[in-house]
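# Observations on the three-dimensional arrangement
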Amino acid sequence: MTSISFAQSVRFDGVIQDEQKNPLEMANIMAVNNGTKAMDSYGITNDKGKFQLTLKPNTSYTIKISYLGMKSKEMAISTNTENIVQNIVMDGAGIELEGVEIVREMPVSIKGDTIVYNADSFKSGTEKKLEDVLKKLPGVEVNADGEIEVEGKKVSKLMVEGKDFFDGDTKLGVKNIPADAIDKVQVLRNYNEVSQLKGLENDQDNVAMNIKLKSGKKNFWFGDVTAGVGVAELDSRYIINPKLFYYSPKYSINLITNFNNIGELPLTAQDYFKFTGGFKNMMKKGGSNFNVSSNDLGISILRNNRAKEIETKFGATNFAYSATKSWNISGFGILSTSKTDLETKSQTTILASGDQQKRDENTNQKNNLGLFKLSSTYKPNDKFQFDYDILTKLTKQEEYSDLLREQIVQNVATSETIFTTKKQDPTSINQNLSLYYTQSDKNIFAFEMQHLYQDENPFYNANLQTLPFNLSGYITQPGARNDYNQDRFVKTNKLDAKLDYYYMVTPKSNFNVTLGNTYSYQNFNSHIFQILENGDRNDLNNAENNNDVDYSFNDAFLGFHYKILTGKFTLTPGVSLHSYQMTNGQLGTDYSQSFTKVLPDFFALYQIKKSETLTYNFSLSNDFTDINQLAAGYVLSDYSSLFRGNRYLENATSQVHSLRYFKYNMFNFENIFANATYTKKVDAIKTKANFDGINQSSVPYNSNLADETLSGMGSYGRSFLKNYKASATASLNWSKFNNIQNNVLATTESFTQSYTVKAATNYKNLPNLELGYNALINQYSGSTYYTDKPFARLDYYFWKSFSFVSEYEFYHYYNGDKTVDNEYDFLSASLIYQKKDSKWEYKVSATNLLNTTYLNDDSFSQFSTRVSQYTVQPRYIIFSMKYNL
């Protein structure tokens, strides 16, 4: 078909210039067929002003050219069978309204920092959700977690008609916004939510996306209601999925619900805990890293959203309301309940000894998750803005497991059955208050304050035959199973505040002074106890089995940064002066530390061309632990892992160097991205671990040896002949760690490699195919695991009513000596029928058509490697109907 297309086409190329014969980069050009009035071809010039159009022979065309800031131009050409070469000179007399109209009609256009995609130009008819549209846009990717990436950068904010859509996460929008409602997709590069600060900060890594709706979707309710039933091998299946949306200039409302037992998870537990609600790291320039760690219990997580059984109930609403021209209110609420059954077989190998633990585990989980956010923005004029946000997370999780464990210690095998219970219902409330004031063109002030309240209460119980640790006060009962428990309560109050003053030295340079403070106060309380055979409780009251710790941390700092644009360079050197005070109180005494530190940082951007950049970042930072590693009493990590903290820990110092190259050519949508990051951590907080077989007891300490990591990623992608695109991606990550294992200093290394190539078509009236291959190589201190994964996707819209979509993945998982060697694959398919202009859609879909029973993965800690086999849901066949509002 490609060769036929070449034989029946004429190439029209040349250079677009201004009146001084300078080439114009990113000028828009399109060819409108005078007979059919259709746009047969379009293009955007490269940095040399070159364009190229593919036209039909013996046809009359109107060529339309536009460039921001210049008068639009039209010209007539007629093709025969020979290629045409012609240069075009634009008139700089001014902008015409029809020029704006031409830009709007282009499939892709550039307006300053904004890329605008006309969605209909890329649709083939099989698209049902925003995700399906985005995957067809050049330069845009959607990963397996529903995160959008543009030009190698993660999209941090998704909006619809300029209004936040579940701020802080793109997945809900990607998976739920209807494709037929989308008119334009706007990519907002160098994005800053505060207009007064745009250009003052380095926003090159900030990308947002705004979805423009079709005119028929505004001021009307739209969406769809889906209901379906189906069968599996042993029982019935169902899905109920209403989605409603309303947008007007005054307000917007979004409602999303999903009830199913087919494995659809609109929001996983991982998504929930990483959901930021749009809260940014306001102290990223400060030079200190004080992160509050989560006291979760290591509740099992899903691989690829697959499990043996998943039942979900989900509801979410998002709103935005313009109370006045100056005051906007927005927010969202999310409730999710899921019941999950997991079945896992795994083998863990201790690196130092080679001892092994094999586990055959069945787990039942109940997850109740709640997320609520309210935001207010008051902006009476361009000089003043006042923001307030509050985000609340409520959680209730339970996990019950029974496992058959086999230990192979010094070639002697023993086995036993272990029952565990994990419960937790943590709460966190995050508040943000921001004030921005422009006193004059040269003086700008910004005040930001953020408060975190976190209350955690994980409970752990293990019932086993062989007691792994000799806990003081523990009563051993002959012939009885051991039942030990742990209560843990951790409360955190953390307040960050900073005042920024910006002085515009020149239109291309500014001076920034930052006065900031981070204060944190935490309390850690834990207690281990035993339930005896007769049901009585035996409290292990010895000091070593209990914790009652208070910890306060304070960092006051003064920062200076100078940003200057000179030629093609943007330079921002900076330095911050810190004064630290820390005190932990436990065991009846206080231990305090205080010191000062000067921490430099540096940013440099080389604008090689308009769409080609090289960026370098350097930072020196102090890394501090929170209370979890300071509590000196024992804490049970699980039935075979015992941890106690070290109250005398000091901070670590990290130096980070990152280099990033990016090139984007709109002429053929060529996208080249590469980055490399090197981190060296000195005086890192490391772990001294002692192993008794596979049972681990550990304590943290400050290492005098440095840990190092080096990571890199590169990708190349481009479009061919409008209907084809291909890409290749490679990512590498090398790490070296130093720890003490059984009183012997040990160095462990890991090296992870991933390589992906893929190619796809995008025809309007022909089947579209995507083919790809991914190779994953994980090397862990002498062990190497490989995963070869070819994959394919077919979608076809035919007879103006039918859509067929099918996806296939094949996995070959093995290790270096082939003692592990598994193959498995997944196939899904759906057939959809919907008459043109009909509101009803009928769908037959099947997941896991090949009835694959499990998948594999592996992981690495600094002391062990783990290989696991994970049972997945069986084949489902679902018949569903959807009514489109």
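Residues numbered from 1 in each chain as written. Predicted model: local features only at pLDDT ≥ 70, side-chain atom pairs only at ≥ 80, totals over all residues. Heavy atoms only, no water.

## Remarks on the overall build of the chain
- Of regular secondary structure, the chain possesses five helices and 52 strands.
- Against the 2.2 N^0.38 benchmark of 29 Å for 885 residues, the chain shows a C-alpha radius of gyration of 30 Å, consistent with a compact globule.
- Every one of the 885 residues in the chain was classed for burial, and the buried ones make up 50%.
- Of the contacts made within the chain by residues no fewer than 6 positions apart, 65% connect residues no fewer than 24 positions apart.
- When the accessible surface of the chain is split by element, carbon and sulfur atoms take 54% of a total near 39,500 Å².
- For the chain, the separation between the mean place of its 92 positive charges and that of its 96 negative charges on side chains is 7 Å. (Helix = DSSP H or I, 4+ residues; strand = E, 2+ residues; numbered from the N terminus. Rg over C-alpha atoms; globule rule 2.2 N^0.38 Å. Buried < 20%, exposed > 50% of the residue type's maximum accessible area, 1.4 Å probe, protein only. Contact = heavy atoms within 4.5 Å. Areas by Shrake-Rupley, 256 points an atom, 1.4 Å probe, with all protein chains shown as cover. Lys, Arg positive; Asp, Glu negative; His and termini not counted. Charge placed at Lys NZ, Arg CZ, Asp CG, Glu CD.)

## Concerning the pairing of strand β5 (residues 60-66)
- Among the seven residues that make up β5, six are buried, leaving the element largely enclosed by the rest of the structure.
- Sheet analysis places β5 next to strand β6 (residues 73-78), joined by six bridges and oriented antiparallel. Within the sheet, the bridge partner assigned to I63 lies in β6 and is M75.
- Two successive antiparallel strands, β5 and β6, enclose a turn made up of six residues, where G69 displays a positive phi of approximately 95°. (Pairing = 2+ DSSP bridges.)

## Digging into the pattern of salt bridges
- Per the stated rule, a full pass over the model turns up 37 salt bridges.
- Taking the shortest distance from any N to any O, the salt bridge between D120 and K123 comes out at 3.3 Å.
- Classification of D120 as partly exposed rests on a relative accessible area of 34%.
- Salt-bridge contacts for D795 lead to R793; the nearest nitrogen and oxygen are separated by 3.8 Å. (Salt bridge = Lys/Arg side-chain N within 4 Å of Asp/Glu carboxyl O.)

## Remarks on the packing of aromatic side chains
- By the definition in use, this model includes 36 aromatic pairs.
- For the ring pair Y780 and F860, a centre distance of 5.1 Å and an interplane angle of 10° mean the geometry is stacked. Placement of the pair is Y780 in strand β45 (residues 768-780) and F860 in strand β50 (residues 854-860), with a sequence separation of 80 residues.
- Residue classification places F860 among the partly exposed residues on the basis of a relative accessible area of 21%.
- Grouped by ring-pair contacts, the aromatic residues F165, F166, F222, F245 and F332 constitute a single cluster.
- Positioned above the aromatic ring of F529 is the side chain of R537, whose terminal nitrogen or guanidinium carbon lies 3.7 Å from the ring centre.
- Note that R644 overlies the ring of Y634, its terminal NZ or CZ placed 4.6 Å from the centroid. (Phe/Tyr/Trp six-rings, centres within 6.5 Å; stacked < 30°, edge-to-face > 60°. Lys NZ or Arg CZ within 6 Å of the ring centre and 35° of its normal.)

## Description of the side chain of S509
- Tracing the chain through its elements places S509 in strand β30 (residues 509-531).
- The residues touching S509, leaving out its near neighbours within four places in the chain, are Y503, M504, Y562, K563 and I564.

## As for the sheet that holds β6
- Pairing is antiparallel across the open sheet formed by four strands, whose spatial order is β3-β2-β5-β6. Pairing within the sheet leaves two strands with one partner each, and these edge strands are β3 (39-44) and β6. Sheet twist, expressed as the average angle between the axes of neighbouring strands with direction ignored, equals 20°.
- Summarising the sheet, strand β2 (residues 28-33) and β5 pair through six bridges and their orientation is antiparallel. (Axes fitted to C-alpha atoms, helices over the stretch in contact; angles between N-to-C directions.)

## Digging into a positive patch on the surface
- Together, K313, K339, K366, K396 and K423 make up a positively charged patch on the protein surface.
- Mapped onto the fold, K423 is located in strand β25 (residues 412-424). (Patch = residues over 30% accessible without salt bridge, like charges linked within 9 Å, V, L, I, M, F, W, Y side chains within 5 Å.)

## What to know about the side chain of H812
- When you line up the elements, H812 lands in strand β47 (residues 802-815).
- When its relative accessible area of 16% is taken as the criterion, H812 is described as buried.
- Among the polar contacts listed, one links the side chain of H812 to the side chain of D821, at a separation of 2.8 Å.
- Those residues in contact with H812 that lie beyond four places of it in its chain are Y786, T787, D788, D821, N822 and E823. (Polar contact = N/O pair within 3.5 Å; in protein donor to acceptor, adjacent residues only side chain to side chain.)

## Let's talk about a nonpolar patch on the surface
- On the surface, a cluster of nonpolar side chains totalling about 960 Å² of accessible area is made up of Y437, F445, L499, Y503, V505, F511, L515, L558, F560, V575, L577 and V598.
- Counting residues per element, the ones that place at least two in the nonpolar patch are β29 (482-506), β30, β32 (546-566) and β33 (569-586).
- Along the polypeptide, L577 turns up in strand β33.

## Some thoughts on the confidence of the model for the chain
- Overall, the predicted model of the chain reaches an average pLDDT of 89, with 97% of residues at or above 70.
- A low-confidence stretch, residues 1-7 stays under pLDDT 50, and its non-local contacts, those more than four residues away or across chains, total four contacts.
- Across residues 95-104 the pLDDT falls below 50, and counting only partners more than four positions away or on other chains, this stretch makes 17 contacts in the model. (pLDDT = per-residue confidence, 0-100.)

## Description of the nonpolar core
- Ranked by internal contacts, the top residues of the largest apolar core, which has 56 residues, are V108, Y117, L134, F165, F166, M209 and I334.
- Ranked by residue count, the leading element in this core is strand β16 (residues 207-213), at four residues.
- With residues near it in sequence (within four places) discarded, V108 still touches N28, Y42, I44, I115, V116, Y117, F122, M666 and F669.
- Counting 19 residues, the second-largest nonpolar core is a separate cluster that includes A27, I29, A31 and Y67. (Core = buried A, V, L, I, M, F, W, Y, C linked by side-chain atoms within 4.5 Å.)

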